[in-house]
Amino acid sequence: MPTTSIMPIIKVPDPILRQRALPVSEITDGTRQLIENMVVTMYNAPGIGLAAPQVNISQRIIVMDCGKKEEPNLIQMINPEITSISEARTVLEEGCLSIPDQTADVERPAEVKVQYLNQDGISLSLNATGLLAACLQHEIDHLNGVLFIDHISRLKRDIILRRVMKELRQSTSGN
Ligand code: NI
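All values reported here derive from a predicted model rather than from experimental measurement.

*Asks:* When you look at the coordination of the nickel ion in this model, what are you seeing that I'm missing?
*Replies:* In ideal tetrahedral geometry, four donors around a metal make angles of 109.5 degrees, whereas ideal octahedral geometry with six donors gives angles of 90 or 180 degrees. Donor atoms from the polypeptide that coordinate the nickel ion comprise C96 (SG), H138 (NE2) and H142 (NE2), at 2.1 to 2.3 Å from the metal. Between consecutive donors of the nickel ion, the numbers of intervening residues give the motif C-x41-H-x3-H. Separated by four residues within a single helix, H138 and H142 lie in helix α2 (residues 130–143), roughly one turn from each other. Looking at H138, the relative accessible area reads 7%, which means it is buried.

Structure follows, in structure tokens:
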């Protein structure tokens with residue numbers, strides 16, 4: 001039996017983060033193992049969401065937990081698709097495990113409906129508002145090569161990218 005393991009998280013500017021991930025055509029034990037690995041990787045980081053491209057797998061799989069500590073709410077989706085969005089928009093502060101230690105206010109539709117497959121290949125849908133709605137959009141963006149910094153001004157994006165590159169250079173220098 002394969003054991004669950006924490007996977008390395010890919011950071012900007014790795015090109016895999018800018019690729020459109022491929023749909024999962026067949027859900028296998030390997031798919032389910034990958035999802036388990038993504039879940040432990042997300043909780044370990046710690047983070048509230050993770051998309052497969054962030055662990056170097058260009059497949060349409062996301063996991064998230066936007067619940068409270070006392071009330072976890074683990075969500076795992078294969079081939080998720082946004083099927084409707086509200087006209088109302090809202091602003092929430094976002095960060096990303098692939099853009100370490102940086103956050104920005106991001107405006108998005110306040111409510112979304114998402115259609116997806118679970119690990120058994122059953123088609124389900126979920127209506128979300130608040131933090132969960134933002135998290136779903138953020139993670140599904142990852143599957144399309146889009147990052148939260150693409151939703152802010154170029155000036156703010158450049159500042160964030162410059163800071164991340166500086167930190168990455170410092171953490172790799174001296175090796
Ligand atoms: Ni992210």
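*Asks:* Can you help me understand the pattern of salt bridges in this one?
*Replies:* Proximity of charged atoms lets side chains of opposite charge pair with each other. Enumeration over the complete set of coordinates arrives at five salt bridges. Its salt-bridge partner being R18, residue D150 comes within 2.6 Å of it at the nearest N-O pair. Taken as a pair, D150 in the loop between α2 and α3 (154–172) and R18 in the segment before α1 (29–44) lie far apart in primary sequence, 132 residues in all. When the shortest N-O distance is used, the salt bridge between R32 and D29 registers 3.2 Å. One end of the pair, R32, and the other, D29, are both in helix α1, three residues apart, so they sit about a helical turn from each other. Taken together, the shared-partner salt bridges connect E94, R108 and D141 into one network.

*Asks:* It is not clear to me how the sheet that holds strand β7 (residues 123–129) should be interpreted in this structure. Could you clarify?
*Replies:* Hydrogen bonds along the backbone pair up the strands of a sheet, which may run parallel or antiparallel. Within the open sheet, the five strands sit side by side as β1-β2-β3-β6-β7. Their pairing is antiparallel. Two strands close off the open sheet at either side, each with one partner strand: β1 (49–51) and β7. Strand-to-strand twist in this sheet, taken as the mean axis angle between neighbours without regard to direction, amounts to 40 degrees. Pairing of strand β6 (residues 111–117) with β7 involves seven bridges; the strand directions are antiparallel. Along β7, the bridge assignment pairs V114 with L126.

*Asks:* Help me understand the nonpolar core in this model?
*Replies:* Here is a general trend for soluble globular proteins: nonpolar side chains tend to be buried in one another's company. I62, M64, M77, L132 and L136 are the most contacted members of the largest nonpolar core, which has 17 residues in total. Elements that contribute at least two residues to this core include exactly β2 (61–65), β3 (74–85), β6 and α2. Looking at this core, the element that brings in the most residues is α2, giving six residues. Those residues in contact with L132 that sit more than four places away from it in its chain are M64, C66, N73, I75 and L126.

*Asks:* Help me out: how do you make sense of the environment of R18 in this one?
*Replies:* R18 sits in the partly exposed class, given a relative accessible area of 43%. As a C-alpha pair, R18 and V55 span 37 residues in sequence and 13 Å in three-dimensional space. Leave out the neighbours within four places in its chain, and R18 touches G145, V146, L147, I149 and D150.

*Asks:* What should I look at first to understand the environment of L132 in this one?
*Replies:* With respect to the helices and strands, L132 occurs in helix α2. Between the C-alpha atoms of L132 and A110, which are 22 residues apart in sequence, the distance is 9.7 Å.

*Asks:* Quick question: what am I supposed to make of the environment of I10 here?
*Replies:* Within the secondary structure layout, I10 lies in the segment before α1. Between the C-alpha atoms of I10 and S98, which are 88 residues apart in sequence, the distance is 5.9 Å. With residues up to four places along the chain from it excluded, the contact list for I10 reads I16, L17, P53, Q54, V55, N56 and S98.

*Asks:* I keep staring at the pairing of β6 and nothing clicks. Help me out?
*Replies:* Across a regular strand the side chains alternate sides, sitting on one face of the sheet and then on the other. A one-sided burial pattern is seen for β6, the buried positions being V112, V114 and Y116 and the unburied ones E111, K113, Q115 and L117. In this structure, β3 lies alongside β6, joined through five bridges in antiparallel fashion. Paired with I78 across the two strands is L117, which belongs to β6. Where β6 folds back onto β7 in an antiparallel hairpin, the turn is made up of five residues, including G121, whose phi is positive at roughly 80 degrees.

Reading guide: rules and limits
Residues numbered from 1 in each chain as written. Predicted model: local features only at pLDDT ≥ 70, side-chain atom pairs only at ≥ 80, totals over all residues. Heavy atoms only, no water. Donors = N, O, S within 2.8 Å, 3.2 Å for Na, K, Ca; no water. Helix = DSSP H or I, 4+ residues; strand = E, 2+ residues; numbered from the N terminus. Buried < 20%, exposed > 50% of the residue type's maximum accessible area, 1.4 Å probe, protein only. Salt bridge = Lys/Arg side-chain N within 4 Å of Asp/Glu carboxyl O. Pairing = 2+ DSSP bridges. Axes fitted to C-alpha atoms, helices over the stretch in contact; angles between N-to-C directions. Core = buried A, V, L, I, M, F, W, Y, C linked by side-chain atoms within 4.5 Å. Contact = heavy atoms within 4.5 Å.

Function cannot be read off these values alone, since they describe shape.
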